Amino acid sequence: MKLSDDKIKYICLITVLFGILSLNFYNFEPKEKKIRDIEEGDYVKIKGYIQSMKVIRDWCGKIQDIKYIKIGDNTGGDLRIYPSKDIEKDLIEYIYSYTPSIKEGDLIEVVGTVEVFNGIYLIHLKDLKNFKLLEKRNFKRDIFLSPTPTGIYASKYGKIYHTSNKCPYGKKIKEDNRIYFYSEEDAQDLGYRKCKWCASKDD
Ligand SMILES: [Zn+2]
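Residues numbered from 1 in each chain as written. Predicted model: local features only at pLDDT ≥ 70, side-chain atom pairs only at ≥ 80, totals over all residues. Heavy atoms only, no water.

**A short note on the overall build of the chain**
Filter applied, for reference: In DSSP terms, a helix is any run of H or I states spanning at least four residues, a strand is any run of E spanning at least two, and both are numbered starting from the N terminus. All radius of gyration figures rest on C-alpha atoms, and the globule criterion is 2.2 Å times the number of residues raised to 0.38. Under the convention used here, a 1.4 Å probe and the Shrake-Rupley method define accessible areas, while residue burial counts only the protein chains that appear.
When helices and strands are tallied, the chain shows five helices and 12 strands. In terms of overall dimensions, the chain is more spread out than a globule: its C-alpha atoms have a radius of gyration of 26 Å, far above the 17 Å expected for 203 residues. The dimensions of the chain, computed from C-alpha atoms along their principal axes, are 105 × 30 × 30 Å. As presented, the chain carries roughly 13300 Å² of accessible surface, and 54% of it is formed by carbon and sulfur atoms.

**Section: the coordination of the zinc ion**
The cut-off we apply is this: Because no water is among the atoms considered, metal sites can look incomplete, with donors defined as N, O and S atoms within 2.8 Å of the metal, or 3.2 Å for Na, K and Ca. Each label reflects the angles at the metal, where four donors whose angles all fall between 85 and 135 degrees are tetrahedral, four or six donors whose opposite pairs open beyond 155 degrees and whose other angles stay between 65 and 115 are square planar or octahedral respectively, and the rest are irregular. Burial classes: relative accessible area under 20% of the type maximum marks a residue as buried, over 50% as exposed, and values in between as partly exposed (1.4 Å probe, protein chains only).
The zinc ion binds to the protein through His-162 (ND1), Cys-167 (SG), Cys-195 (SG) and Cys-198 (SG), with metal-donor distances spanning 2.1 to 2.3 Å. Every donor counted, the four donor atoms about the zinc ion form angles of 102 to 118° at the centre, which fits tetrahedral coordination. Every donor residue of the zinc ion comes from the same chain, spaced as H-x4-C-x27-C-x2-C. Cys-198 gets classed as buried once you look at its relative accessible area, which sits at 1%.

**Let's talk about the pattern of salt bridges**
Here is the rule: In the sections that follow, a salt bridge refers to a side-chain nitrogen of Lys or Arg positioned within 4 Å of a carboxyl oxygen of Asp or Glu.
For the structure shown, the criterion picks out 12 salt bridges. Residues Lys-85 and Glu-88 are paired through a salt bridge, measuring 2.5 Å at the closest nitrogen-oxygen approach. Within this pair, Lys-85 and its partner Glu-88 are both found in helix H2 (residues 85–95), separated by three residues, close to a single helical turn. Close ionic contact of Arg-141 with Asp-189 constitutes a salt bridge, the shortest N to O distance being 3.0 Å. Of this pair, Arg-141 sits in the loop between strand E7 (131–135) and strand E8 (145–146) while Asp-189 sits in helix H4 (residues 184–189), placing them 48 residues apart in sequence. Of the residues examined, Arg-141 reaches a relative accessible area of 34% and is grouped as partly exposed. Salt bridges linked by common partners bring Arg-141, Asp-186 and Asp-189 together as one network.

**Some remarks on the domain arrangement of the chain**
Quick reminder of the rule: What counts as a domain boundary in this text is fixed by an automatic or database domain assignment.
Domain annotation of the chain identifies domain 1 (33–135) and domain 2 (145–200). One C-alpha centre belongs to domain 1, the other to domain 2, and the line joining them spans 35 Å.

**Digging into a nonpolar patch on the surface**
Operational definition: Patches here are clusters of residues that have more than 30% relative accessible area and form no salt bridge, with a 9 Å joining cutoff for like charges and a 5 Å cutoff for nonpolar side chains (Val, Leu, Ile, Met, Phe, Trp, Tyr).
Judged by side-chain polarity, Leu-3, Ile-8, Tyr-10, Ile-11 and Ile-14 come together as a nonpolar surface patch covering roughly 460 Å² of accessible area. With relative accessibility at 44%, the residue Ile-11 sits in the partly exposed group.

**Some points on the environment of Asn-118**
Structurally, the position occupied by Asn-118 is in the loop between strand E5 (107–117) and strand E6 (120–125). With 37 residues separating them along the chain, Asn-118 and Ser-155 place their C-alpha atoms 41 Å apart.

See the structure below:
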């Protein structure tokens with residue numbers, strides 16, 4: 001059989017198209033893997049429990065910046081998820097779209113390409129759809145400080161809270177150094193004890 005130039009061109013075109021298609025298919029289908037088995041360059045889908053979250057909080061306790069989220073799946077090792085700057089705000093919004101918010105212990109799924117840096121395995125999260133909560137496991141409630149004055153306050157340098165504005169000990173705390181709680185329960189859950197003077201005025 002003699003191949004004409006046109007036929008050769010045609011065959012080349014088909015081969016290239018087929019190649020591009022299969023390459024795309026390969027790229028767009030992440031492999032489900034255990035953290036133990038991941039390697040640099042793998043395009044993977046990983047299920048894991050949040051072990052820790054490296055975040056910066058504002059003074060009320062709300063997450064302001066996320067540096068990374070570390071997950072593990074009990075197969076050994078861990079994986080860090082670094083959100084890119086342009087999706088960071090959306091990720092924070094997603095985290096707070098649950099009550100209580102997504103936190104340590106929750107089961108999540110992440111899709112991305114594995115990178116290795118200084119022996120640390122990580123995925124750069126560039127699209128929020130590649131991160132999702134699979135199962136809420138940690139139901140510990142979120143506690144935030146009040147941004148405006150309430151009747152329950154403490155010094156940000158101490159561990160005693162006050163409930164009376166007449167308290168001689170409470171009065172000593174400068175306005176700039178005061179933090180305010182929404183409830184006494186919040187204060188106690190954050191590790192604060194009630195001032196004895198304020199407690200004696202309760203009944
Ligand atoms: Zn007091």
